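Reading the structure
The chain contents come next:
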Amino acid sequence: MLKKLVATVIVLGFSAFEAYAASGGYAARKCSEEYRNNPPEIEILYNYGNLKFDNSQSTEELKKLLLQNYPKVSSKRLNGLTQFMPYVFIESSSNRMVIGDSACYYPQHVRVVVGYKPTVYIRNDIQPGSCRFNVTLRHEQTHLDIAHLSLKRFAQKIKRVFPQMVKDIGFKFVPYKSDVDGSETSAKINEAYKTQLNTLFNGFVEEMAEQQMRIDTAENYKEETALCPND
């Protein structure tokens, strides 16, 4: 399938602080109340990336790329290939409230970015400006159009379902001395977000690969080849 790149950055911020003696039950209720009254800001962005063109690869080199990106597709004569390199990036910051010997951590801001790093390859023995070059380029641009629509829909899906995932994960309530600087607990919260997001992302990558293969059929290749009988 398409290569998957998942990057995670943890940004720890303490913007709430209280210190007083309290029972465990009261502290947990206070933590829940703080989280409920201060919902996190959730930011979802998508990026099509900077498109690169590569006209330097041989047929054999393109076949290797094809196998890496689309293992279900085979071609005896490969003219071009589009590589997307989809990725997801998530970062979050946490509030901390210290209550007696315990600390409550809950999200302040969560930012998710999904995108591509696309490259269009055209075989190096196809002359730029020729009929075969233009037909191949048009074919790869269709792949890009499909990918753009898929990415936009995926970002919209994240906007719908991810806030509830964040809400379900909720807050972390731990002994203060177990994580004095808060980095470990904040990392666990961010890891929980990443786990939930990766499930969505993996489904998106598989679905997009299937959509891309719908135009890489023997019938379509035959029709495109007939457009340039002299090449």
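This section reports on the structure supplied with the text.

Residues T119 and Y121 line one face of strand 7 (residues 119-122) and the alternating positions V120 and I122 line the opposite face, and both faces are buried. For strand 3 (residues 52-54) and strand 7, the ladder comprises three bridges, and the chain directions are parallel. Bridging across to strand 7, K52 finds its partner in T119. Sheet topology places strand 4 (residues 80-83) next to strand 7; four bridges connect them, and they run antiparallel. Along strand 7, the bridge assignment pairs G80 with I122.

Here we come to the side chain of Q212. In this fold, Q212 is placed in helix 4 (residues 183-213). When its relative accessible area of 0% is taken as the criterion, Q212 is described as buried. Among residues more than four places away in sequence, those in contact with Q212 are Y70, F84, H143, I146 and A147.

As a further point, take the pairing of strand 6 (residues 102-115). With 12 of 14 residues buried, strand 6 is to be regarded as a mostly interior element. When strand 2 (residues 41-47) meets strand 6, the two strands line up parallel, connected through seven bridges. Pairing of Y46 across the sheet is with V114, part of strand 6. One ladder, built from 13 bridges, connects strand 5 (residues 87-99) with strand 6; its direction is antiparallel. The residue bridging N95 from the neighbouring strand is Y106, located in strand 6.

Before going further, it helps to spend a moment on the packing of helix 3 (residues 131-169) against helix 4. Between helix 3 and helix 4, the shortest axis-to-axis distance is 10 Å and the interhelical angle comes to 155 degrees. Taken as axis vectors, helix 3 and helix 4 run roughly antiparallel relative to one another. Note that helix 3 runs across helix 4; the crossing there is right-handed. The residue makeup of the contact of helix 3 with helix 4, split by class, is 17 nonpolar, five polar and one charged.

Along the polypeptide, I146 turns up in helix 3. As a C-alpha pair, I146 and Q212 span 66 residues in sequence and 7.0 Å in three-dimensional space. Excluding its chain neighbours within four sequence positions, the residues that come into contact with I146 are Q211, Q212 and I215.

A word on the state of the cysteines. Taken as a whole, this structure holds two disulfides when the rule is applied. Paired by a disulfide, C131 and C228 hold their sulfur atoms 1.9 Å apart. Judged by the sign of its S-S torsion, about -75 degrees, the bond between C131 and C228 is left-handed. Highlighted residues: C131 in helix 3 and C228 in the segment after helix 5 (218-226), separated in sequence by 97 residues.

What follows deals with the packing of helix 3 against helix 5. Running from N to C, helix 3 and helix 5 cross one another at 145 degrees; their axes reach a closest spacing of 10 Å. Crossing hand, helix 3 versus helix 5: right-handed. Where helix 3 abuts helix 5, its residues R132, V135 and H139 lie against N220, Y221, E224 and T225. Considering only residue class, the contact of helix 3 with helix 5 consists of two nonpolar, three polar and two charged.

What follows concerns the sheet that holds strand 4. Pairing within the open sheet is mixed, and its three strands lie in the order 3-7-4. Looking at which strands have only one partner, the edges of the open sheet turn out to be strand 3 and strand 4. Strand-to-strand twist in this sheet, taken as the mean axis angle between neighbours without regard to direction, amounts to 15 degrees. Against the sheet, helix 2 (residues 59-69) touches strand 4 and strand 7, its axis set at about 40 degrees to strand 4. Lying over the sheet, helix 3 contacts strand 3, strand 4 and strand 7, oriented at roughly 25 degrees with respect to strand 4.

The rules behind each value
Residues numbered from 1 in each chain as written. Predicted model: local features only at pLDDT ≥ 70, side-chain atom pairs only at ≥ 80, totals over all residues. Heavy atoms only, no water. Buried < 20%, exposed > 50% of the residue type's maximum accessible area, 1.4 Å probe, protein only. Helix = DSSP H or I, 4+ residues; strand = E, 2+ residues; numbered from the N terminus. Pairing = 2+ DSSP bridges. Contact = heavy atoms within 4.5 Å. Axes fitted to C-alpha atoms, helices over the stretch in contact; angles between N-to-C directions. Parallel < 35°, antiparallel > 145°, perpendicular 65-115°, else oblique. Left-handed = near helix turned anticlockwise from the far one by under 90°. Nonpolar A, V, L, I, M, F, W, Y, C, P; charged D, E, K, R; others polar. Disulfide = S-S within 2.5 Å.

Honestly, it's all geometry; don't read function into it.
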